[in-house]
Number of protein chains: 2
Amino acid sequence: MKIAILGGTGPQGKGLALRFAAAGIDVVLGSRDGARAAEIAEELNAKQASVEGQISGAGNAEATAAADEIVILAVPFSAHNATLEAIREQLVGKILVDIVVPLADGDPKAVDMPAEGSATEAAQALLGDEIPVVGALHNVSAATLNNLGHAINCDILVCGNSLEAKEKVIDLIASLDVKAYNAGPVVNARCIEAITPILIRLNISKKVPFTHAGIKIWAPDH
Amino acid sequence: MKIAILGGTGPQGKGLALRFAAAGIDVVLGSRDGARAAEIAEELNAKQASVEGQISGAGNAEATAAADEIVILAVPFSAHNATLEAIREQLVGKILVDIVVPLADGDPKAVDMPAEGSATEAAQALLGDEIPVVGALHNVSAATLNNLGHAINCDILVCGNSLEAKEKVIDLIASLDVKAYNAGPVVNARCIEAITPILIRLNISKKVPFTHAGIKIWAPDH
């Protein structure tokens, strides 16, 4: 299995690449600068034991084309729509997993949602209904992903309008030993993306006993 | 200490009344029908051991006037604004805790937010800045609250524009042995209220190992 991670040279993308590779999945990092992506891929491969998935790097469109089916978008929100425009053709027949949170300019404790309501909805509107968009992995910090000695141990809320696409993404995330839940249609991205700045706020505050908060679905009878 | 719970004759309100009374806090249940509230209060008192806070019942305005400082609004969203109009005068000098989630008509798996963005924002707009509104306790199910033999064991996200009011509400919630976190300004109610239908969706689905999900703030180093 081979997935692409666009924006794969950022901290979130690199952490995801290492996690998926450790699960035996090949990863193509995408970047506007394909040479830079290839360089980062080599650095990440050097961190791995020999039995794991291979990490390579390419331009965003080439990386998208190389993915079997799943393409993860992990760019800053400022590059969200432009990146999608650039890979639109290569996405046909594939699933876009949007993990982007539209944080407010200069304030990571707030969202500044686009007119569509959320990044995931903006992606679905831009790509049209023939390309399924799934929102996921918004609430796991880059620090948690890159802390390879520790299990991720936070839950993932997955939303989108295609149940089939969501189930594939839930299976992919399960390969990281992480629980992912079907959290409903794409409109729920307005809530799920907005959880991230609340977690960032808690991390910044001095009132919590941890540094890289995520969420867990929990119940007294759990 | 005496608090009011408006809509206190519903399952959420009754569960909260029993929990706060068990913590030694007096509770006045408010209802449009004061006699009915008094009747329910007697039923709830009969469930209690002798050392706990007393539960009484009254009309909504009378209950609001009787509260020392904190008034919890637990009515269905359809009665949200009308109830606030009716108690506005009595709320001066007090704190309104809005726990209402604007669930979509006929679909508890979706929100139908008011034009203000969320119930909590609608309350703050209606009451004006002189009465602090705090959003809290949205994500704890009535079943969890009423399952008195079990700890609540889910976390509470608290939002609002007055830090002083939020801190008082966080202290009140702490009396239930529940962790409550300052989750930022009132605008974050758009996210926090919308978590509830996602949890309802998980509860309805057959894919989760529990029945009354809440959330916990969690981290690998927790």
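Bear in mind that the values here come from a model prediction, so they are computed numbers and not experimental data. (Residues numbered from 1 in each chain as written. Chains lettered and ligands numbered in written order. Predicted model: local features only at pLDDT ≥ 70, side-chain atom pairs only at ≥ 80, totals over all residues. Heavy atoms only, no water.)

### Some thoughts on helix 5 (residues 119–127) of chain A
Residues and elements named next belong to chain A.
(1) Moving on: Of all nine residues in helix 5, eight are buried; the element is thus mostly enclosed.
(2) Moving on: Turning to helix 5, its buried residues are Ala 119, Thr 120, Glu 121, Ala 122, Ala 123, Gln 124, Leu 126 and Leu 127.
(3) Moving on: Lining the buried residues of helix 5 we find helix 4 (80–91), strand 5 (95–98), strand 8 (133–135) and helix 8 (189–204).
(4) Moving on: Gly 128 sits one or two residues past helix 5 and shows a positive phi near 80°. (Buried < 20%, exposed > 50% of the residue type's maximum accessible area, 1.4 Å probe, protein only. Helix = DSSP H or I, 4+ residues; strand = E, 2+ residues; numbered from the N terminus. Contact = heavy atoms within 4.5 Å.)

### Points about the UniProt feature "domain: Pyrroline-5-carboxylate reductase catalytic N-terminal" (unreviewed entry) in chain A
(1) Moving on: Cross-referencing UniProt, the feature "domain: Pyrroline-5-carboxylate reductase catalytic N-terminal" (unreviewed entry) maps to residues 2–102 of chain A in the present numbering.
(2) Moving on: Secondary structure over residues 2–102 of chain A splits into 44% helix and 24% strand, and the C-alpha atoms at its two ends are 27 Å apart. (UniProt positions renumbered as here; feature names shortened; annotations may be inferred.)

### Some details on the interface of chain A and chain B
(1) Moving on: Counting residues at the interface gives 38 residues for chain A, matched by 38 residues for chain B.
(2) Moving on: Summed over both sides, the interface between chain A and chain B buries roughly 3,000 Å², with carbon and sulfur atoms accounting for 68% of that surface.
(3) Moving on: Broken down residue by residue, the surface that chain A buries against chain B is led by A:Ile198, A:Trp218 and A:Pro220, which jointly contribute 22%.
(4) Moving on: Put simply, chain A and chain B have zero salt bridges between them.
(5) Moving on: Along the contact surface separating chain A from chain B lie three residue pairs in polar contact (both at pLDDT 80 or more).
(6) Moving on: Those elements that provide at least two residues to the side of chain A that touches chain B are strand 10 (180–182), helix 8 and strand 11 (214–218) of chain A.
(7) Moving on: Sorting elements by how many residues they give to the side of chain A that touches chain B places helix 8 of chain A first, with eight residues.
(8) Moving on: Each residue belonging to the side of chain A that touches chain B can be placed in one class, and the counts come to 23 nonpolar, ten polar and five charged. (Buried area = accessible area lost by both parts, 1.4 Å probe. Salt bridge = Lys/Arg side-chain N within 4 Å of Asp/Glu carboxyl O. Polar contact = N/O pair within 3.5 Å; in protein donor to acceptor, adjacent residues only side chain to side chain. Nonpolar A, V, L, I, M, F, W, Y, C, P; charged D, E, K, R; others polar.)

### Description of the sheet that holds strand 9 (residues 156–160) of chain B
Backbone-to-backbone hydrogen bonds pair the strands of a sheet. The strands run either parallel or antiparallel.
Residues and elements named next belong to chain B.
(1) Moving on: Spatially, eight strands are ordered 3-2-1-4-5-8-9-10 in an open sheet, and the strand pairing comes out mixed. Where the open sheet ends on each side, the last strands, each with one partner, are strand 3 (55–59) and strand 10 (180–182). Averaged over all pairs of adjacent strands, the angle between strand axes in this sheet comes to 25°, irrespective of strand direction.
(2) Moving on: Bridging between strand 9 and strand 10 involves three bridges; their strand directions are parallel. In the sheet register, Leu 157 faces strand 10, and the bridge partner there is Tyr 181.
(3) Moving on: Running at roughly 170° to strand 3, helix 2 (residues 34–46) makes contact with strand 2 (26–31) and strand 3 of the sheet.
(4) Moving on: The strands touched by helix 7 (residues 163–174) within the sheet are strand 1 (2–6), strand 4 (70–73), strand 5 (95–98), strand 8 (133–135), strand 9 and strand 10, with strand 9 carrying the most contacts at an inclination of about 160°. (Pairing = 2+ DSSP bridges. Axes fitted to C-alpha atoms, helices over the stretch in contact; angles between N-to-C directions.)

### Regarding the pattern of salt bridges
(1) Moving on: A complete count under the given rule lists 14 salt bridges over all chains for this structure.
(2) Moving on: In this structure, the salt-bridge partner of B:Lys168 is B:Glu69, at a minimum N-O distance of 2.8 Å. Separated by 99 residues along the polypeptide, B:Lys168 in helix 7 and B:Glu69 in the loop between helix 3 (60–66) and strand 4 bring together distant segments of the chain.
(3) Moving on: Between B:Glu121 and B:Arg190 there is a salt bridge whose closest N-O contact spans 2.7 Å. Residue B:Glu121 is found in helix 5 (residues 119–127), and its partner B:Arg190 is found in helix 8 (residues 189–204); the two are separated by 69 residues along the sequence.
(4) Moving on: Residues joined in a network through salt bridges with shared partners are A:Glu69, A:Glu164 and A:Lys168.

### A few points about the relation of the copies chain A and chain B
(1) Moving on: Overlay of chain A on chain B (RMSD 0.0 Å): rotation 180°, translation along the axis 0.0 Å. When the rotation and shift are considered jointly, the pair of chain copies conforms to a two-fold rotation axis. Residues of chain A ranked by C-alpha distance from the rotation axis are headed by A:Cys191, positioned 2.2 Å from it.
(2) Moving on: Here 100% of the interface residues in chain A have copies in chain B that are interface residues too; the copies meet face to matching face. (Least-squares fit on C-alpha atoms with pLDDT ≥ 70 in both.)

### Side note on the environment of B:Ile25
Residues and elements named next belong to chain B.
(1) Moving on: Along the chain, Ile 25 falls in the loop between helix 1 (11–22) and strand 2.
(2) Moving on: The class for Ile 25 is buried, based on a relative accessible area of 6%.
(3) Moving on: The residues contacting Ile 25, other than those within four sequence positions of it, are Met 1, Ile 3, Phe 20, Gly 53, Gln 54, Leu 172 and Ser 175.

### Topic: the packing of aromatic side chains
(1) Moving on: The tally for this structure, following the rule as stated, stands at one aromatic pair over all chains.
(2) Moving on: With centroids separated by 5.6 Å and ring planes inclined at 20°, the aromatic side chains of A:Trp218 and B:Trp218 adopt a geometry described as stacked. One end of the pair, A:Trp218, is in strand 11; the other, B:Trp218, is in strand 11 (residues 214–218), on a second chain.
(3) Moving on: Residue classification places A:Trp218 among the buried positions, given a relative accessible area of 18%. (Phe/Tyr/Trp six-rings, centres within 6.5 Å; stacked < 30°, edge-to-face > 60°.)

### Notes on the state of the cysteines
(1) Moving on: Summed over the entire model, instances satisfying the criterion amount to zero disulfides over all chains.
(2) Moving on: B:Cys191 forms no disulfide, and the closest cysteine sulfur to it belongs to A:Cys191, at a distance of 4.2 Å.
(3) Moving on: Since its relative accessible area comes to 3%, B:Cys191 is described here as buried. (Disulfide = S-S within 2.5 Å.)

### Notes on the environment of B:Lys2
Residues and elements named next belong to chain B.
(1) Moving on: Counting through the fold element by element, Lys 2 comes out in strand 1.
(2) Moving on: Sequence separation between Lys 2 and Lys 168 is 166 residues, and the spatial gap between their C-alpha atoms is 13 Å.
(3) Moving on: What Lys 2 contacts, discounting residues up to four positions off in sequence, is Asp 26, Val 28, Ala 66, Ala 67, Asp 68 and Glu 69.

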